[in-house]
Amino acid sequence: MSVHLQTSLFDQGDEVAVRPLDGLRREHLGHGAWIDVLPQWLQGADALFETLAREVAWRAEERVMYERVVAVPRLLAFFGGGDPLPHPALDTAREALSAQYAAELGEPFTTAGLCYYRDGRDGVAWHGDTTGRGSTEDTMVAILSVGAPRHLALRPRRPGHVPVRRSLGHGDLIVMGGSCQRTWEHAIPKTARAAGPRISIQFRPDGVR
Ligand SMILES: O=C(O)CCC(=O)C(=O)O
Ligand SMILES: [Fe+2]
């Protein structure tokens, strides 16, 4: 796939590398959920975007909705813990996250799910990552974003706390933790505004999907 990033005027270094994680800021959302945010964690985000857009074997999926087959509005790829990742910077990123959260998480990040949002018509509807242990246990999902900024929206499943949304831009990191997958939901809302392509990389521990 040949896609060119329109916004590539601000992180054009060839070297793709993560910066230290010491600027992470935690926000408690309520009901035991939190997010950690670190803008511009990755340098060389343009180069990572280009490599992933070009070299990953992106899959278009379909699902049945109201008895009709509809296209899932984003492209997907999944790398299990033993699969080689599509860029060495992602190995470094996963190791850095595993080290940072070792004590609190008690296990490493292993898998990498990738999503490719081609434009503002692509998105992901409200959900928690509850296919695995996230439905019953505290866990973490760390998301690195490259490409056009999009909002990650979060809302509580039960009343009592206000929804939040955070813009995820080129090279930004957000980590959802605590009870976030089971007491809150998240979404990447579609947008009618012109939005360039975005790729997200989600690192999760084994058994969390
Ligand atoms: O693209 C994102 O930042 C979020 C994707 C997501 O929530 C998911 O794949 O479970
Ligand atoms: Fe998710």
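Residues numbered from 1 in each chain as written. Chains lettered and ligands numbered in written order. Predicted model: local features only at pLDDT ≥ 70, side-chain atom pairs only at ≥ 80, totals over all residues.

- For the chain, an unreviewed UniProt entry supplies the name Alpha-ketoglutarate-dependent dioxygenase AlkB and the organism Streptomyces arboris.

**Let's talk about the overall build of the chain**
(1) Moving on: Along its length, the chain carries four helices and 14 strands.
(2) Moving on: Seen through its C-alpha atoms, the chain measures out along the principal axes to roughly 45 × 45 × 30 Å.
(3) Moving on: Counting the 209 residues in the chain, one finds 37% classified as buried.
(4) Moving on: Partitioning the intrachain contacts of the chain with sequence separation of at least 6 by distance along the chain shows that 79% fall at a separation of at least 24. (Helix = DSSP H or I, 4+ residues; strand = E, 2+ residues; numbered from the N terminus. Buried ≥ 20, exposed ≤ 12 C-beta atoms within 10 Å, placed from the backbone. Contact = placed C-beta atoms within 7 Å.)

**Observations regarding the site of ligand 1**
(1) Moving on: In the neighbourhood of ligand 1, the contacting residues comprise Gly-113, Cys-115, Val-124, Asp-129, Ile-143, Leu-152, His-186, Ile-188, Ser-200 and Gln-202.
(2) Moving on: Looking at the shell around ligand 1, the elements with two or more residues in it are β7 (111–117), β13 (184–188) and β14 (198–204).
(3) Moving on: Of the residues contributing to the shell around ligand 1, the split by class is five nonpolar, four polar and one charged. (Near = placed C-beta within 6 Å. Nonpolar A, V, L, I, M, F, W, Y, C, P; charged D, E, K, R; others polar.)

**Side note on the UniProt feature "domain: Fe2OG dioxygenase" (unreviewed entry) in the chain**
(1) Moving on: Taking the numbering used here, the UniProt-annotated feature "domain: Fe2OG dioxygenase" (unreviewed entry) corresponds to residues 108–207.
(2) Moving on: In residues 108–207, the share of helix is 4% and the share of strand is 48%. The end C-alpha atoms are 11 Å apart. (UniProt positions renumbered as here; feature names shortened; annotations may be inferred.)

**Some thoughts on the sheet that holds strand β3 (residues 33–38)**
(1) Moving on: If you walk across this open sheet you meet the eight strands as β2-β3-β12-β9-β14-β7-β6-β5, and the pairing is antiparallel. In this open sheet, the two strands that pair with only one neighbour each are β2 (25–30) and β5 (59–65). If you compare each strand with its neighbour and ignore which way they point, the axes differ by 25° on average.
(2) Moving on: As defined by bridge partners, strand β9 (residues 141–147) adjoins strand β12 (residues 173–178) across four bridges and the pair is classed as antiparallel. In the sheet register, Val-141 faces β12, and the bridge partner there is Met-176.
(3) Moving on: Of the strands in this sheet, β7, β9 and β14 touch helix α1 (residues 45–55), which is tilted by about 95° from β9.
(4) Moving on: The sheet contacts of helix α2 (residues 88–100) involve β7, β9 and β14, and relative to β14 the element is tilted by about 45°. (Pairing = 2+ DSSP bridges. Axes fitted to C-alpha atoms, helices over the stretch in contact; angles between N-to-C directions.)

**Quick word on unusual backbone geometry**
(1) Moving on: We note that Tyr-66 has phi near 50°; this positive angle belongs to a residue other than glycine.
(2) Moving on: Along the chain, the position of Tyr-66 falls in the loop between β5 and β6 (68–79).
(3) Moving on: Residue classification places Tyr-66 among the exposed residues on the basis of 5 C-beta atoms within 10 Å.
(4) Moving on: Phi is positive for Glu-67, which is not a glycine, with a value near 65°.
(5) Moving on: The topology assignment puts Glu-67 in the loop between β5 and β6.

**Topic: the nonpolar core**
(1) Moving on: In terms of nonpolar packing, the biggest core is built from 46 residues, with Leu-48, Ala-142, Ile-174, Ile-199 and Ile-201 touching the most fellow members.
(2) Moving on: In this structure, Ala-142 is in contact with Leu-97, Phe-109, Leu-173, Val-175 and Phe-203, ignoring residues within four places of it in sequence. (Core = buried A, V, L, I, M, F, W, Y, C linked by C-beta atoms within 7 Å.)

**Regarding the pairing of strand β10 (residues 150–156)**
(1) Moving on: Pairing between β10 and strand β11 (residues 164–168): five bridges, direction antiparallel. Among the inter-strand pairings, Leu-154 is bridged to a residue of β11, identified as Val-164.

**Comments concerning α2**
(1) Moving on: With 13 residues, α2 extends 19 Å from end C-alpha to end C-alpha; this agrees with the ideal 18 Å at 1.5 Å per step.
(2) Moving on: When we look at burial in α2, the residues that qualify are Ala-89, Leu-90, Ala-93, Arg-94 and Leu-97. Along the axis of α2, the buried positions cluster into a sector of 140°, meaning they face one direction only. Structural note: α2 exposes Pro-88, Asp-91 and Ala-99 on the side pointing more than 90 degrees away from its buried face.
(3) Moving on: Residues of α2 that are buried sit in contact with β1 (17–18), α1, β7, β9 and β14. (Expected span 1.5 Å × (residues − 1). Arc of directions from axis to C-beta.)

**A few points about the sheet that holds β10**
(1) Moving on: The strand order across the open sheet formed by four strands is β8-β13-β10-β11, and the pairing between neighbours is antiparallel. Edge positions in the sheet fall to β8 (124–127) and β11, since each has one partner strand and no second. The sheet shows a mean angle of 15° between the axes of neighbouring strands, taken without regard to direction.
(2) Moving on: Relative to β13, β8 runs antiparallel, the two being bridged by two bridges. Bridging from a neighbouring strand, Val-124 pairs with Ile-188 of β13.

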